[in-house]
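Each chain, letter by letter, is given below.
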Protein chains: 2
Amino acid sequence: MHKFEEKTIHTEKLFEGKVVRLQIDDVELPNGKTSKREIIKHPGAVAVLALTPENKIVLVEQYRKPMERALVEIPAGKLEPGEKPEVTAVRELEEETGYECNRLDHIISFYTSPGFADELIHLYLATGLRKKENPRAADEDEFVELIEVSLEEAIQLVKEQKIFDAKTAYAIQYLQLKEAQK
Amino acid sequence: MHKFEEKTIHTEKLFEGKVVRLQIDDVELPNGKTSKREIIKHPGAVAVLALTPENKIVLVEQYRKPMERALVEIPAGKLEPGEKPEVTAVRELEEETGYECNRLDHIISFYTSPGFADELIHLYLATGLRKKENPRAADEDEFVELIEVSLEEAIQLVKEQKIFDAKTAYAIQYLQLKEAQK
């Protein structure tokens, strides 16, 4: 029995897409009353804080349809079914940036929107980067532009709200903390 | 014209709930081809890093149905239509913790899942806390337990994956960075 557990009385599956699934759960609350929960199921994702030998942060700019604007983010992508997050991280780094890495360290994993979605992002630090010959191409509906910036420039992009997403803001703050702890 | 803009050819609205809306956009890509985008629309939210006079972090534990487990998070909640984020922050802090604050400072705003959702979270630092007499009650389907921890204890909760969400992990790292920069 989990604390405040909400027992599922009924699940109605409303949509199954390529990225997300939507379901409505009727739940029994801890006080015996009932309520409804709107739930987005997501396969999970990885994000990669990749540092070049010159200590630049590798970023990608891409159009994000939900916001109708371009955002600058660290490379990221969805897990394929059954795929280990480390494998996704190496693949997405190569596809989106053309880099391969000598070393991949797990930084943290977190849910992005626990109120309505189960998306879990695994964040990695990639070092020992080098450009790969003939890297795998990005998905055919993916258009990204590579940007490499110093930590100071990245902090400026956060201030300008060009960097404007949780995983990238976390990754930059992580580097700031490492610098401050030196 | 935005970079890599994806022009909407058609929008199909599939679901309108109390928390989220789901739509599928047919888009024209920069290369003239077409694709589909699954998009979750969300009203936006606030999260509050609240520090007691004893410098403890105010956390709430609650059951999160999408993950089928309880998570420990900083107080947070959705924006009501037309509500200013600062007002939501004060209201959610009171409802979930019984505290009011003398001072509210904006830390950062970020999208949580820009690949499929437009949820924007505004993160605030609340200080000068005091317990309010007769605080507003939480929503009737909301069951939360208050926890107050030191920064060191919060870092431990992250390691144990009891704290396991982006906004709370960001907030704790923010405090770590402030401490390290002292």
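Residues numbered from 1 in each chain as written. Chains lettered and ligands numbered in written order. Predicted model: local features only at pLDDT ≥ 70, side-chain atom pairs only at ≥ 80, totals over all residues. Heavy atoms only, no water.

Chemist: Would you mind going over the overall build of chain A with me for this structure?
Modeler: Secondary structure assignment for chain A yields 3 helices and 10 strands. Reading the helices (α) and strands (β) of chain A from amino to carboxyl end gives β-β-β-β-β-β-β-α-β-β-β-α-α. For chain A, the spread of C-alpha atoms along the principal axes amounts to about 60 × 40 × 30 Å. Within the span of chain A, comprising 182 residues, buried residues form 54% of the whole. When contacts within chain A are restricted to residue pairs at least 6 apart in sequence, those whose partners lie at least 24 apart make up 56%. When the accessible surface of chain A is split by element, carbon and sulfur atoms take 46% of a total near 8600 Å². (Helix = DSSP H or I, 4+ residues; strand = E, 2+ residues; numbered from the N terminus. Buried < 20%, exposed > 50% of the residue type's maximum accessible area, 1.4 Å probe, protein only. Contact = heavy atoms within 4.5 Å. Areas by Shrake-Rupley, 256 points an atom, 1.4 Å probe, with all protein chains shown as cover.)

Chemist: I tried to follow helix α2 (residues 151-159) of chain B on my own but got confused; where do I start?
Modeler: Every α-helix carries 3.6 residues per turn, so stepping three or four residues along brings you back to the same face. Residue and element names in this part refer to chain B. Inspection of α2 places Leu-151, Ala-154 and Leu-157 among the buried residues, and these make up the whole buried set. The buried residues of α2 occupy an angular sector of 115 degrees when the element is viewed end-on, so they sit on one face. Opposite the packed face of α2, turned more than 90 degrees from it, sit the exposed residues Glu-152 and Lys-159. Turning to α2, the residues buried within the fold contact β5 (57-64), β6 (69-73), β10 (144-149) and α3 (166-180). (Arc of directions from axis to C-beta.)

Chemist: Sorry if this is basic, but what is going on with the environment of Pro-53 of chain A here?
Modeler: All names here are of chain A. Residue placement: Pro-53 occurs in the loop between β4 (45-50) and β5 (57-64). For Pro-53, a relative accessible area of 62% translates into the label exposed. Distance from Pro-53 to Glu-92, taken between C-alpha atoms, is 19 Å for residues 39 residues apart in sequence.

Chemist: Just to check I follow, could you spell out the sheet that holds strand β2 (residues 21-28) of chain B for this structure?
Modeler: Paired through their backbone hydrogen bonds, the strands of a sheet run either parallel or antiparallel. Residues and elements named next belong to chain B. Taken in spatial order, the 3 strands make up an open sheet running β1-β2-β3, and their pairing is antiparallel. The open sheet has two edge strands, β1 (7-16) and β3 (34-41), and neither has a second partner. The mean inter-strand angle of the sheet, taken between neighbouring strand axes irrespective of direction, is 20 degrees. Relative to β3, β2 runs antiparallel, the two being bridged by 8 bridges. Paired with Gln-23 across the strands is Ile-39, a residue of β3. (Pairing = 2+ DSSP bridges. Axes fitted to C-alpha atoms, helices over the stretch in contact; angles between N-to-C directions.)

Chemist: Explain the sheet that holds strand β6 (residues 69-73) of chain A here, please?
Modeler: Residues and elements named next belong to chain A. With antiparallel pairing, the 3 strands of this open sheet are ordered in space as β6-β5-β10. If you trace the sheet from one side to the other, it starts and ends with β6 and β10 (144-149), each paired once. Averaged over all neighbouring strand pairs, the angle between strand axes comes to 25 degrees, with direction disregarded. For β5 and β6, the ladder comprises 5 bridges, and the chain directions are antiparallel.

Chemist: Looking at this structure, I do not really get the nonpolar core. What am I missing?
Modeler: Nonpolar side chains in soluble globular proteins tend to be buried together. In terms of nonpolar packing, the biggest core is built from 55 residues, with Leu-49, Ile-57 and Tyr-170 of chain A together with Leu-49, Ile-57 and Tyr-170 of chain B touching the most fellow members. Residues in contact with Leu-49 of chain A, not counting those within four places in the same chain, are Ile-57, Ile-74, Ile-107, Leu-123, Tyr-124, Leu-125, Ala-126, Ala-171, Tyr-174 and Leu-175 of chain A. Judged by nonpolar contacts, the second largest core, of 14 residues, contains Phe-15, Leu-22 and Ala-117 of chain A together with Ala-117 of chain B. (Core = buried A, V, L, I, M, F, W, Y, C linked by side-chain atoms within 4.5 Å.)

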